Amino acid sequence: MEKEIVAIVGSGLVGKSWAMLFASGGHEVRLFDSIPEVLAGTPKFIHDKLHALEAKGQLKAHKLNATEQCKLITAATSLADAVNGATYIQECTPENFEWKVKIFESIDKALNEVGNTRAYIGSSTSTIMPSKFIANYGIKDRMLIAHPINPPYFVKLVELVPSEWTKPDVTTHVRALLTSLGMKPIVMNKELPGFALNRVQYAILNETWRLVTDGILSVEDADIVMKEGLAPRYVFLGPLETAHLNADGFKDYCKRYGQVINDVSQDMGGIPLMTEDSCQEIDRQLQDMVPNDKLPERRNWRDENLAELATFKEKLGL
Ligand SMILES: NC(=O)c1ccc[n+]([C@@H]2O[C@H](COP(=O)([O-])OP(=O)(O)OC[C@H]3O[C@@H](n4cnc5c(N)ncnc54)[C@H](O)[C@@H]3O)[C@@H](O)[C@H]2O)c1
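Residues numbered from 1 in each chain as written. Predicted model: local features only at pLDDT ≥ 70, side-chain atom pairs only at ≥ 80, totals over all residues. Heavy atoms only, no water.

In the annotation of an unreviewed UniProt entry, the protein chain is listed under the name Lambda-crystallin and assigned to Folsomia candida. If you open the UniProt record of the protein chain and go to Sequence similarities (unreviewed entry), you find "Belongs to the 3-hydroxyacyl-CoA dehydrogenase family." (UniProt positions renumbered as here; feature names shortened; annotations may be inferred.)

(A) Representation of the domain arrangement of the protein chain in the model. Parsing the protein chain into structural domains produces domain 1 (5-187) and domain 2 (197-316). The C-alpha-based centres of domain 1 and domain 2 are spaced at 30 Å. Facing the 11 residues of domain 1 at the interface are 10 residues of domain 2. Buried area between domain 1 and domain 2, both sides added, is near 830 Å², and the carbon and sulfur share of it is 52%. The interface formed by domain 1 and domain 2 holds two salt bridges in total. (Domains from an automatic or database assignment. Contact = heavy atoms within 4.5 Å. Buried area = accessible area lost by both parts, 1.4 Å probe. Salt bridge = Lys/Arg side-chain N within 4 Å of Asp/Glu carboxyl O.)

(B) Region of the structure containing the nonpolar core. Of all hydrophobic cores here, the largest spans 62 residues; its most connected members are Ile8, Phe22, Leu50, Ile89, Phe104 and Leu178. A total of six residues in this core trace back to one element, the largest contributor, which is helix α1 (residues 13-24). Residues in contact with Leu50, not counting those within four places in the same chain, are Met20, Leu59, Ala66, Gln69, Cys70 and Tyr153. Counting five residues, the second-largest nonpolar core is a separate cluster that includes Trp209, Val219, Ala222 and Ile282. (Core = buried A, V, L, I, M, F, W, Y, C linked by side-chain atoms within 4.5 Å. Buried < 20%, exposed > 50% of the residue type's maximum accessible area, 1.4 Å probe, protein only. Helix = DSSP H or I, 4+ residues; strand = E, 2+ residues; numbered from the N terminus.)

(C) Structural context of the sheet that holds strand β7 (residues 157-162). The strand order β3-β2-β1-β4-β5-β6-β7-β8 describes an open sheet built from eight strands, whose pairing is mixed. With one partner strand each, in any of the chains shown, β3 (73-75) and β8 (184-187) form the two edges of the open sheet. Here the average twist between neighbouring strands, direction ignored, is 25°. Bridge analysis of strand β4 (residues 88-91) against strand β5 (residues 120-123) gives four bridges, and the strand direction is parallel. Following the sheet pairing, Ile89 is matched in β5 by Ile121. (Pairing = 2+ DSSP bridges. Axes fitted to C-alpha atoms, helices over the stretch in contact; angles between N-to-C directions.)

(D) The arrangement of the packing of helix α7 (residues 197-213) against helix α11 (residues 276-289) in detail. Axis separation between α7 and α11 bottoms out at 10 Å; the angle between their running directions is 85°. Viewed along their axes, α7 and α11 adopt a mutual orientation that is roughly perpendicular. Contact with α7, carried on its side by Trp209, Val212 and Thr213, involves Ser278, Cys279, Ile282 and Gln285 of α11 and no other residues of that element. For the contact of α7 with α11, the class distribution of residues is four nonpolar, three polar and no charged. (Parallel < 35°, antiparallel > 145°, perpendicular 65-115°, else oblique. Nonpolar A, V, L, I, M, F, W, Y, C, P; charged D, E, K, R; others polar.)

(E) Geometry of unusual backbone geometry. The peptide bond linking Asn150 to Pro151 adopts the cis configuration, its omega dihedral lying at -10°. Note on placement: Pro151 falls in the loop between β6 (143-148) and β7. Despite not being glycine, Phe195 has its phi angle at roughly 50°, a positive value. Relative to the elements of secondary structure, Phe195 occurs in the loop between β8 and α7.

(F) Summary view of the UniProt feature "domain: 3-hydroxyacyl-CoA dehydrogenase NAD binding" (unreviewed entry) in the protein chain. Per the UniProt record, "domain: 3-hydroxyacyl-CoA dehydrogenase NAD binding" (unreviewed entry) is annotated on residues 6-190. Here residues 6-190 is 40% helix and 19% strand, with 26 Å between the C-alpha atoms at its ends.

Here it is as structure tokens:
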């Protein structure tokens, strides 16, 4: 893969993680943020983070050490400065429709200003479909959604969602770039609300919600269903291959279990409403497990575990 010049627009949680990921592949990274103090603090944050990962043996890339990777990441003085000569732009600004429209206007303008007609552009948006906000820009045929899962440094899935205007070679190139960094991009052939991950996640959340609010399971037990039942296999197998292995192939699985799956699914009924009452009850039980004032500590615990898991999967070649 040729070395890219990557501009990261928005140096928040996700922008920083993307920056570290691109640097791990030896790409030059230029960070930009509209808040000068955020931008000023970012290189030191990334420096400390990469060195801490190196000390724990969790640094991505075997060719470059943390110091070499840090040298590849610089802060740009303006959006135009960031995108000047960039071959790829990853937009990471807040999830707000009006802001996204404005920032894409600014990126379009900045690219015109510096005469950059080749950069491809990926948006990190978690919820906004590409056709909703890029129809009016010259960059629409070079742009797609590249939705990461937080933190992209440790979670490999990226959902690529091209719009009807995205040129096919843009999707092919971005997919290859991300794959070269060890990521696992998937391409959606049609844009859908929630993309793929959240559609699956919401199906799980809906049924878990129903089991708890109908008084069938406690919150603690409902979470055990996932973490001690489904998740151990799902760490390395998808639901379809899981089914394939649970019988003599997928056709046999459908023959054996198709009807019962259909019957149980019919029994589930409609989408449960997340009303204030049911929300309060679930929150009450969750506060016993993890009170709000312990959330930062628990998030660090989660991120540590994700890092360990990523390292373990790497070792197993998964
Ligand atoms: N946090 C997550 O779990 C997660 C996961 C996947 C995708 N995303 C998506 O990534 C995007 C960024 O999310 P985040 O959590 O990093 O947000 P964040 O609030 O941590 O960071 C956003 C950054 O953008 C900067 N910004 C705002 N306006 C700007 C502008 N006009 N130009 C340049 N910088 C600007 C802000 O100062 C801030 O530093 C969102 O679209 C979000 O949906 C987030």
